[in-house]
Amino acid sequence: MGVIMKPRRSVLACPGSNTKMIGKAKSLPVDEVFLDLEDAVAVSAKAQARANIVAALNDTDWGTQLRVVRVNDWSTAWTYTDVITVVEGGGAALDAILLPKVTDAGQVRALDLLLTQLEKSCGLEVGKIGIEPQLENALGLRNIDAIATASPRVQALVFGPADFMASINMRTLVVGEQPEGYDTGDAYHHILMTILLAARAHGLQAIDGPYLQIRDLDGFRRAAARTAALGFDGKWVLHPSQIDAANEIFSPRQSDYDRAELILEAYAFHTSAEGGSRGAAMLGSEMIDEASAKMAAVIAEQGRAAGMRRTTQFAPPE
Ligand code: GLV
Ligand code: MG
């Protein structure tokens, strides 16, 4: 990760129409809550959901979660009212807008311009509100680099598997599982890697979308572990039962975190005059150099951001 950002290991989806769930979300140990105005809210409930979200943003009993609102996509009639209502009513407490079904950079720029005007008119710092573009269709994936760089507000690229599968006619209805008949690998690999590479190329976070079988915690763990292994930063959770698993799976393992801090200290020592100004040195039975320190820096940064504490100390050789 180029920029140090607050972690987004667990991202709770919370329908803006469900005031009970919004009330509960405020005290859940997730890194981000997104209040939804899009697909989890019926058309007839959207106006009330906007009001619920404004009221919730203004509540003072939130924890440390990032507060994000998913607006409707630009092909609808609702996006501008969503953004204006939410920012005018609760912009001071809003960290980012999640923009679904993004097809091109122009859609991100349009949101950026609207946010800039709103921030000015509401007396908010310009650029304060971030953007999380959600990749949910073939065109968006084709334009991903332009989308990722369309505005300095972009913080994370988010996968929307259900809409994506529909957009490419993938022959399955089970999000996260392989389509029957495709038996030569992971059908999602190309999409996931494209999102991950764009995120890494542009210093953004990469967030995996939902796992819809909410009673199947093993299935959730398997799906989360796959994208965590690739390098994704977090995943949506739809139910409180998925939160601990997401936080654990998207944090470094304690042993990896300890090792990473050790490598950084050992590398700093060996490259110093006191340590002999060496570019490559041994740490136990492993040779470490600049590339090892870079890998270690990523894990150490993730562990620190997740509040981990190290359990080992580096001792310079006698
Ligand atoms: C989420 O928005 C999805 O389409 O999977
Ligand atoms: Mg979607």
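The structure presented is a predicted model; accordingly, all values stated were derived computationally and were not measured.

**Details of the UniProt feature "domain: HpcH/HpaI aldolase/citrate lyase" (unreviewed entry) in the protein**
Okay, so step 1: Per the UniProt annotation, the sites labelled "domain: HpcH/HpaI aldolase/citrate lyase" (unreviewed entry) are residues 9-240.
Okay, so step 2: Helix and strand shares over residues 9-240 are 41% and 16% respectively, and the end C-alpha atoms of the span are 14 Å apart.

**Concerning unusual backbone geometry**
Okay, so step 1: For K101, which is not glycine, the phi dihedral falls at a positive 50 degrees.
Okay, so step 2: Examined against the element boundaries, K101 turns out to sit in the loop between β4 (96-99) and α4 (105-122).
Okay, so step 3: Note on K101: relative accessible area 19%, which makes it buried.
Okay, so step 4: Unlike most non-glycine residues, S277 shows phi in positive territory, near 50 degrees.
Okay, so step 5: You can see S277 is positioned in the loop between α11 (254-271) and β9 (281-283).

**Considering the nonpolar core**
Okay, so step 1: The biggest cluster of nonpolar side chains holds 68 residues, and the ones touching the most others in it are L35, V69, L157 and I195.
Okay, so step 2: With 12 residues, the next largest nonpolar core counts I263, A266, Y267 and F314 among its residues.

**Some thoughts on the sheet that holds strand β1 (residues 10-15)**
Each strand in a sheet pairs with another by means of backbone hydrogen bonds, the pair being arranged parallel or else antiparallel.
Okay, so step 1: Read around the closed barrel, eight strands run β1-β2-β3-β4-β5-β6-β7-β8, paired in parallel fashion. The mean inter-strand angle of the sheet, taken between neighbouring strand axes irrespective of direction, is 25 degrees.
Okay, so step 2: Alignment of strand β3 (residues 66-70) against β4, held across three bridges, turns out to be parallel. Bridging across to β4, R70 finds its partner in L98.
Okay, so step 3: Across the sheet, helix α2 (residues 46-58) lies against β2 (32-36) and β3, angled at about 155 degrees from β2, the strand it touches most.

**Quick notes on the packing of aromatic side chains**
Okay, so step 1: In the structure shown here, the tally under the stated rule is four aromatic pairs.
Okay, so step 2: Summarising the aromatic geometry, the rings of F34 and W236 are spaced 4.5 Å apart at their centres and angled 45 degrees between planes, so their arrangement reads as tilted. Separated by 202 residues along the polypeptide, F34 in strand β2 and W236 in strand β8 (residues 234-237) bring together distant segments of the chain.
Okay, so step 3: Overall, F34 belongs to the buried group, its relative accessible area being 1%.
Okay, so step 4: The class of W236 is buried, set by a relative accessible area of 5%.

**Let's talk about the coordination of the magnesium ion (ligand 2)**
The textbook angles at a metal center are 109.5 degrees for a tetrahedron of four donors and 90 or 180 degrees for an octahedron of six.
Okay, so step 1: With distances of 2.0 to 2.1 Å, the protein atoms coordinating the magnesium ion (ligand 2) are E136 (OE) and D163 (OD). One end of the pair, E136, is in the loop between β5 (130-135) and α5 (138-142); the other, D163, is in helix α7 (residues 161-167), and 27 residues separate them in sequence.
Okay, so step 2: Overall, the relative accessible area of 25% leaves D163 in the partly exposed class.

**Here we look at the layout of surface pockets**
Okay, so step 1: In this structure, the largest pocket occupies an estimated 610 Å³ of space.
Okay, so step 2: In terms of lining, the largest pocket is formed by 27 residues, of which the most central are A228, F250, S251, P252 and Q302.
Okay, so step 3: Mapped by element, the contributors of at least two residues to the lining of the largest pocket are α8 (189-201), α9 (217-230), α10 (243-249) and α12 (290-305).
Okay, so step 4: Looking at the lining of the largest pocket, the element that brings in the most residues is α12, giving five residues.
Okay, so step 5: When the residues that make up the lining of the largest pocket are grouped by side-chain class, the tally is 15 nonpolar, four polar and eight charged.
Okay, so step 6: Lining the lining of the largest pocket are residues from two domains, each supplying at least three of them: domain 1 (10-249) and domain 2 (254-305).
Okay, so step 7: In this structure, the second largest pocket occupies an estimated 270 Å³ of space.
Okay, so step 8: Lining the second largest pocket are 19 residues, with D36, D39, R70, P210 and W236 sitting closest to its centre.
Okay, so step 9: For the lining of the second largest pocket, the elements supplying multiple residues, two or more each, are β1, β2 and α7.

**Structural notes on the pattern of salt bridges**
Okay, so step 1: Overall, the coordinates contain 20 salt bridges when judged by the stated rule.
Okay, so step 2: The shortest N-O distance in the salt bridge between R153 and E119 comes to 2.8 Å. You can see R153 sitting in the loop between α6 (144-148) and β6 (156-159) and its partner E119 sitting in helix α4, a full 34 residues away along the chain.
Okay, so step 3: Classification of R153 by relative accessible area gives buried; the value is 5%.
Okay, so step 4: Note that D256 and R253 form a salt bridge whose closest N and O atoms lie 3.3 Å from each other.
Okay, so step 5: The partly exposed category is assigned to D256, whose relative accessible area is 29%.
Okay, so step 6: Three or more residues are tied together by salt bridges with common partners; here these are D36, E38, D39, R70, K101 and D163.

**Let's talk about α8**
Okay, so step 1: The end-to-end C-alpha distance of α8, which contains 13 residues, comes to 18 Å, matching closely the 18 Å that a straight helix rising 1.5 Å per residue would cover.
Okay, so step 2: In the stretch just after α8, G203 is the one whose phi turns positive, near 70 degrees.

**A short note on the environment of F34**
Okay, so step 1: Measuring from C-alpha to C-alpha, the distance between F34 and D289 comes to 41 Å, with 255 residues separating the pair along the chain.
Okay, so step 2: With near-sequence residues (within four places) excluded, F34 lies in contact with V11, L12, A13, C14, V68, R70, L98 and W236.

So, how was this worked out
Residues numbered from 1 in each chain as written. Chains lettered and ligands numbered in written order. Predicted model: local features only at pLDDT ≥ 70, side-chain atom pairs only at ≥ 80, totals over all residues. Heavy atoms only, no water. UniProt positions renumbered as here; feature names shortened; annotations may be inferred. Helix = DSSP H or I, 4+ residues; strand = E, 2+ residues; numbered from the N terminus. Buried < 20%, exposed > 50% of the residue type's maximum accessible area, 1.4 Å probe, protein only. Core = buried A, V, L, I, M, F, W, Y, C linked by side-chain atoms within 4.5 Å. Pairing = 2+ DSSP bridges. Axes fitted to C-alpha atoms, helices over the stretch in contact; angles between N-to-C directions. Contact = heavy atoms within 4.5 Å. Phe/Tyr/Trp six-rings, centres within 6.5 Å; stacked < 30°, edge-to-face > 60°. Donors = N, O, S within 2.8 Å, 3.2 Å for Na, K, Ca; no water. 1 Å grid on protein atoms, 1.4 Å probe; cavity = no way out; pocket = protein on both sides within 12 Å on 5 of 7 lines; lining within 4 Å. Points joined across faces, edges and corners; volume = space filled by probe spheres on them. Nonpolar A, V, L, I, M, F, W, Y, C, P; charged D, E, K, R; others polar. Domains from an automatic or database assignment. Salt bridge = Lys/Arg side-chain N within 4 Å of Asp/Glu carboxyl O. Expected span 1.5 Å × (residues − 1).

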